[in-house]
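Close look at the chain arrangement
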Amino acid sequence: MNVAIDAGNTLIKVGIFDNDDRLEEMLSFSSSPIENIYTHLASQQFEKCIVSSVINLPDHIIKYLKFKSKHFIILDKNVKLPLGIKYKTPETLGKDRIALAVAASARFPGKDVLNISIGTCITYNFVNAKAVFLGGAISPGLHMRLRAMHEFTAGLPLINLDESNFSLIGDNTANSMASGILNGVAFEIEGYINELRKKYKNCEIILSGGDSRYLAGKLNIETEIEPDLALIGLNIILKLNVPEKK
């Protein structure tokens, strides 16, 4: 059994994979307190573990994961990857974006592919047909935009989103804010894809991230959706660095 851990700004996601690479179970919990990880992994038995983290995991968490697994790796610059990285500042490249790019490239081998991950931020991650990550874009996520409107104005409330409030014309303040966020992000994504396809005409598109559900079926461009793409990418990297015994 393999365990892939994606520790993000807001959530920690844990993917449990069987020997056939199927994602058997996905656990998700708040990054604070970080000790939640003990509760979620206490009953799990696993041989291999990989961690990708955009936050600094405490030493006692790392020691615990090493103790629980026979083979443990942290995604860093020393880890072998199944794709090339052509990014001018690789030291600033988020580990989650690397994992997403790996999984997207594996999903569409030999093709140009754009992953759009919709979480705390929205990241656009492009891998060309030669399996080289070229970069992309980063913009604020849905809930970051909501908080910004609330915190930087005197009169706008902090609202909740749901998949139904996509109306183009909001009939009250909350619905107008939801329309601006949801339709604005949809227009942003469609515009980005259309511009990219002027150069990469047959580029495949795959959405990921916990907030991708808000955009499911709402775009005028055909896409695949895999919310747990980062975990799948981490498992691919884990297998590459800790091969099966023959």
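All values derive from a computational prediction rather than experimental measurement.

1. Points about the overall build of the protein chain
Counting its secondary structure elements, the protein chain contains 6 helices and 11 strands. A principal-axis box enclosing the C-alpha atoms of the protein chain has dimensions of 60 × 45 × 30 Å. Of all 246 residues assigned to the protein chain, the portion counted as buried reaches 45%. Element-wise, carbon and sulfur atoms account for 52% of the exposed surface of the protein chain, whose accessible area totals about 12800 Å².

2. Examining the side chain of Ser 117
For Ser 117, the position within the fold is in strand E7 (residues 113-118). In contact with Ser 117, not counting residues within four places along its chain, are Leu 100, Ile 122, Thr 123, Ser 208 and Gly 209.

3. Observations concerning helix H3 (residues 95-107)
Taking 1.5 Å of rise per residue, 13 residues should cover 18 Å, and H3 covers 19 Å from first to last C-alpha, within 8% of that figure. All of the buried residues in H3 are Arg 97, Ile 98, Ala 99, Leu 100, Ala 101, Val 102, Ala 103, Ala 104 and Ser 105. Packed against the buried residues of H3 are E7, strand E8 (121-127), strand E9 (132-140), strand E10 (204-208) and helix H6 (229-241).

4. Details of the confidence of the model for the protein chain
Overall, the predicted model of the protein chain reaches an average pLDDT of 90, with 98% of residues at or above 70. Averaged over each element, pLDDT in the protein chain is lowest for helix H1 (residues 36-41) (77) and highest for E9 (98).

5. Side note on the packing of helix H4 (residues 142-151) against helix H5 (residues 173-196)
One way to put it is that H4 packs onto H5 with a least axis distance of 10 Å and a crossing angle of 140°. By the angle class used here, H4 and H5 are oblique. Judged by the sense of rotation from one axis to the other, the crossing of H4 with H5 is right-handed. Seen from H4, the contacting residues are Leu 142, Arg 145, Leu 146 and Met 149; seen from H5, they are Met 177, Ile 181, Leu 182, Val 185 and Glu 188. Of the residues that constitute the contact of H4 with H5, the class distribution is 7 nonpolar, no polar and 2 charged.

6. Description of the side chain of Asn 235
Among the structural elements, Asn 235 can be located in helix H6. Taking relative accessible area as the criterion, Asn 235 reaches 3% and is therefore assigned buried.

7. A look at the nonpolar core
Core analysis: the biggest nonpolar cluster contains 28 residues, and Leu 114, Ile 116, Leu 142, Leu 161, Ile 189 and Leu 215 have the highest contact counts within it. When contributions to this core are tallied by element, the ones reaching two or more residues are E7, E8, H4, H5 and E10. Residue contributions to this core peak at 9 residues, all from H5. If we skip the residues at most four places from it in the chain, Leu 142 touches Ile 118, Gly 119, Leu 161, Ile 181, Leu 182, Val 185, Asp 211 and Tyr 214. Judged by nonpolar contacts, the second largest core, of 27 residues, contains Leu 75, Ala 103, Val 113 and Val 242.

8. What to know about the pattern of salt bridges
A pair can form between side chains of opposite charge whenever their charged atoms are brought close. All told, the structure shown has 6 salt bridges when counted by the stated rule. Notably, a salt bridge pairs Glu 224 with Arg 107, separated by 2.8 Å at the nearest N-O pair. Taken together, the residues span a long stretch of sequence, with Glu 224 in strand E11 (residues 224-225) and Arg 107 in helix H3 at a distance of 117 residues. Among the residues examined, Glu 224 registers a relative accessible area of 34% and is labelled partly exposed. The partly exposed category is assigned to Arg 107, whose relative accessible area is 33%. Salt bridges sharing common partners tie together Arg 107, Glu 224 and Glu 226.

9. A closer look at the sheet that holds E10
Sheet architecture is open: 6 strands sit in the order E6-E9-E8-E7-E10-E11, paired in mixed fashion. Both outer strands of the open sheet, strand E6 (84-85) and E11, are each paired with one neighbouring strand and no more. The pairing of E10 with E11 spans 2 bridges and is parallel. Within E11, the position partnered with Ile 206 by the bridge is Glu 224.

10. Notes on the packing of H3 against H6
Here H3 crosses H6 at 85°, and the two axes come no closer than 7 Å. As judged from the angle between their axes, H3 and H6 are roughly perpendicular. Two secondary-structure elements touch here, H3 through Ala 99, Leu 100, Val 102, Ala 103, Ala 104, Ala 106 and Arg 107 and H6 through Leu 229, Ala 230, Ile 232, Gly 233, Leu 234, Ile 236 and Ile 237. Split into classes, the residues belonging to the contact of H3 with H6 amount to 12 nonpolar, 1 polar and 1 charged.

The rules behind each value
- Residues numbered from 1 in each chain as written.
- Predicted model: local features only at pLDDT ≥ 70, side-chain atom pairs only at ≥ 80, totals over all residues.
- Heavy atoms only, no water.
- Helix = DSSP H or I, 4+ residues; strand = E, 2+ residues; numbered from the N terminus.
- Buried < 20%, exposed > 50% of the residue type's maximum accessible area, 1.4 Å probe, protein only.
- Areas by Shrake-Rupley, 256 points an atom, 1.4 Å probe, with all protein chains shown as cover.
- Contact = heavy atoms within 4.5 Å.
- Expected span 1.5 Å × (residues − 1).
- pLDDT = per-residue confidence, 0-100.
- Axes fitted to C-alpha atoms, helices over the stretch in contact; angles between N-to-C directions.
- Parallel < 35°, antiparallel > 145°, perpendicular 65-115°, else oblique.
- Left-handed = near helix turned anticlockwise from the far one by under 90°.
- Nonpolar A, V, L, I, M, F, W, Y, C, P; charged D, E, K, R; others polar.
- Core = buried A, V, L, I, M, F, W, Y, C linked by side-chain atoms within 4.5 Å.
- Salt bridge = Lys/Arg side-chain N within 4 Å of Asp/Glu carboxyl O.
- Pairing = 2+ DSSP bridges.

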